[in-house]
Amino acid sequence: MKPVLDNDLMLVYDIESMTIECMTTESNTYGSVNDDINIDKMDSSSSLLQRLKHAEHRAARAEEALVQALQDLNLARSTTKNLFETKDVQLNVENGEEDQSYFDSYAHFGIHQEMLQDKVRTESYRDFIYDNQHIFKGKVVLDVGCGTGILSMFAAKAGAKQVIGIDQSEIIYNAMDIVRENGLENVVMLIKGKMEEVKLPVKQVDIIISEWMGYFLLFESMLDSVLFARDKYLHPDGTVYPDLCTLSLVAIDDQRNHDSKVDFWNNVYGFKMTCMKSCVLEESSVEYVKKDTVISTPCMVKCVDICSIHVKDLDFTSSFKLEIQRDSNCTGIVGYFDVIFEKHCKKTEMS
């Protein structure tokens, strides 16, 4: 075969050799690139490994610090416990839930200030203790629910040999400061805990005092704890004070108070809301009752002898009869209680 053109450029170049050269060049180029990539990968892996080692080291140090912190925390707890609890007293913590909200409500100073400013209440206890110092002299006294420690200090001033105050609320720590502030720490010992759970440093006590009364005497009261303490720690010849309480009812005619709470719902900014009356009538309230509103003779529905009564006796029903003494509208029935210090002492009453 003869080419059409003798000097055809297409016939001058060796295509096959050029292709092989190009492939060789590209292969070398790609090989160089791959080598660079592999080197980069090795550098990256080495850096990542180094970072992991640093991270492991930091984690180990953090774990050591956490262990040390937990040890410090346990030491702090132990130290605090030793500061506020005598070595002779052990807390026996029982399983189960406790009504912590009840005790928390007594941790605030306000409720204690209110009770201390109740002169009828506080002065009745003070007068009973100071007027009967022969009962307390040289005796071991247990104050259940001591609060700020006022009854404990009354007993100490009356000559008690030892006074042990128990309270579950945080106010006990303030009470400790109060006792020290008044120089009575050698007589008064305060223990934080529930009466049913603490172990006293003595086997028996001669006297139990407590301001345990709740609303209408028994509602939200500490009487259960007082009876527990009586049965477990009170000497056979010992006494609980106050030793007697009575619950009574009386009818009143207080139209102004009735109107403000019940008839108020007849017209509320031009709207009738009478359905709300039943809610008001079903719920009791704490009130100061004026003497001139009383329209009946009182009727005692329960007498509680603290030295002999049992917890099961506190769940009771009672019939009552109120004799109305004048023409009037009965707007409510008032329940009230009297507290009496009577056994082996000069009688004192708190009404």
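Report on the accompanying structure. Computed from a predicted model, the values in this text were never measured in an experiment.

### Describing the side chain of Ser 221
Residue position: Ser 221 is located in the loop between β6 (205-209) and α9 (223-233). A polar atom in the side chain of Ser 221 sits 3.3 Å from the backbone oxygen of Leu 218. A polar contact of 3.4 Å, which involves the side chain of Ser 221, links it to the backbone nitrogen of Leu 223.

### Focus on the sheet that holds strand β9 (residues 299-305)
Either a parallel or an antiparallel arrangement is found when strands of a sheet pair, and the pairing is made through backbone hydrogen bonds. Across the sheet, which stays open at both edges, the four strands sit in the order β9-β8-β10-β11 with antiparallel pairing between neighbours. What marks the edges here is a single partner per strand, and that holds for β9 and β11 (348-350). Put simply, the sheet's adjacent strands are angled 20 degrees from each other on average, direction ignored. As judged from the six bridges shared by strand β8 (residues 244-252) and β9, these two strands associate in the antiparallel manner. Within β9, the position partnered with Thr 246 by the bridge is Cys 303. Of the strands in this sheet, β10 (332-341) and β11 are in contact with helix α5 (residues 119-131), which crosses β11 at around 170 degrees.

### Side note on the packing of α5 against helix α7 (residues 150-157)
A pair of packed helices is captured by two measures, namely the crossing angle of their axes and the spacing between those axes. The interhelical angle for the contact between α5 and α7, taken along N-to-C directions, is 20 degrees, at an axis separation of 9 Å. Put simply, α5 runs roughly parallel to α7. Judged by the sense of rotation from one axis to the other, the crossing of α5 with α7 is right-handed. Side by side, α5 and α7 meet where Thr 122, Tyr 125, Arg 126, Ile 129 and Tyr 130 of the first sit next to Leu 151, Phe 154, Ala 155 and Lys 157 of the second. When its residues are assigned to classes, the contact of α5 with α7 shows six nonpolar, one polar and two charged.

### Here's the deal with the nonpolar core
Within the largest apolar cluster, 64 residues are counted, with the highest numbers of intra-cluster contacts made by Phe 136, Leu 142 and Leu 200. Discounting chain neighbours no more than four positions away, the residues touching Leu 142 are Ile 164, Ile 166, Met 195, Leu 200, Val 205, Ile 207, Ile 208, Ile 209 and Ala 229.

### Here we look at the sheet that holds strand β3 (residues 162-167)
On the basis of which strands lie adjacent, the open sheet formed by five strands has the order β4-β3-β2-β6-β7 and parallel pairing. What marks the edges here is a single partner per strand, and that holds for β4 (188-192) and β7 (234-241). Here the average twist between neighbouring strands, direction ignored, is 20 degrees. Strand direction decides the pairing type here: strand β2 (residues 140-144) and β6, joined by three bridges, are parallel. Within β6, the residue paired with Val 141 across the bridge is Ile 207.

### A closer look at the packing of aromatic side chains
Within this structure, the stated rule accounts for six aromatic pairs. With 4.7 Å between their ring centres and 50 degrees between their planes, Phe 128 and Tyr 241 make a pair best called tilted. Of this pair, Phe 128 sits in helix α5 while Tyr 241 sits in strand β7, and the two are 113 residues apart along the sequence. Here Phe 128 and Tyr 241 have matching classes, each one buried. Measuring from ring centre to ring centre gives 5.5 Å for Tyr 130 and Phe 154, while their planes differ by 75 degrees; the resulting arrangement is edge-to-face. Residue Tyr 130 is located in helix α5, and its partner Phe 154 is located in helix α7; the two are separated by 24 residues in the primary sequence. Phe 154 sits in the buried class, given a relative accessible area of 10%.

### Regarding the pairing of β10
Pairing between β8 and β10: nine bridges, direction antiparallel. From the neighbouring strand, Val 250 faces β10, where its bridge partner is Val 334. Judged from the three bridges that link them, β10 and β11 form a sheet pairing that is antiparallel. Residue pairing for β11: Val 339 is matched across the bridge by Met 350. With antiparallel pairing between neighbouring strands as the criterion, β10 and β11 make up a hairpin whose turn holds six residues, including His 344 at a positive phi of roughly 60 degrees.

### Considerations on a nonpolar patch on the surface
On the surface, a cluster of nonpolar side chains totalling about 460 Å² of accessible area is made up of Tyr 215, Phe 216, Phe 219 and Val 286. Within the secondary structure layout, Tyr 215 lies in the loop between β6 and α9.

### Describing unusual backbone geometry
Across the junction of Tyr 241 and Pro 242, the peptide omega takes the value -5 degrees, indicating a cis bond. The backbone of Tyr 269 shows a phi angle near 55 degrees, a positive value even though the residue is not glycine. Relative to the helices and strands, Tyr 269 resides in the loop between α10 (255-261) and α11 (277-282). On the basis of relative accessible area, Tyr 269 is assigned to the exposed category, the value being 81%. One non-glycine residue, His 344, adopts positive backbone phi at about 60 degrees. The exposed category is assigned to His 344, whose relative accessible area is 57%.

Calculation criteria
- Residues numbered from 1 in each chain as written.
- Predicted model: local features only at pLDDT ≥ 70, side-chain atom pairs only at ≥ 80, totals over all residues.
- Heavy atoms only, no water.
- Helix = DSSP H or I, 4+ residues; strand = E, 2+ residues; numbered from the N terminus.
- Polar contact = N/O pair within 3.5 Å; in protein donor to acceptor, adjacent residues only side chain to side chain.
- Pairing = 2+ DSSP bridges.
- Axes fitted to C-alpha atoms, helices over the stretch in contact; angles between N-to-C directions.
- Contact = heavy atoms within 4.5 Å.
- Parallel < 35°, antiparallel > 145°, perpendicular 65-115°, else oblique.
- Left-handed = near helix turned anticlockwise from the far one by under 90°.
- Nonpolar A, V, L, I, M, F, W, Y, C, P; charged D, E, K, R; others polar.
- Core = buried A, V, L, I, M, F, W, Y, C linked by side-chain atoms within 4.5 Å.
- Buried < 20%, exposed > 50% of the residue type's maximum accessible area, 1.4 Å probe, protein only.
- Phe/Tyr/Trp six-rings, centres within 6.5 Å; stacked < 30°, edge-to-face > 60°.
- Patch = residues over 30% accessible without salt bridge, like charges linked within 9 Å, V, L, I, M, F, W, Y side chains within 5 Å.
- Areas by Shrake-Rupley, 256 points an atom, 1.4 Å probe, with all protein chains shown as cover.
- Salt bridge = Lys/Arg side-chain N within 4 Å of Asp/Glu carboxyl O.

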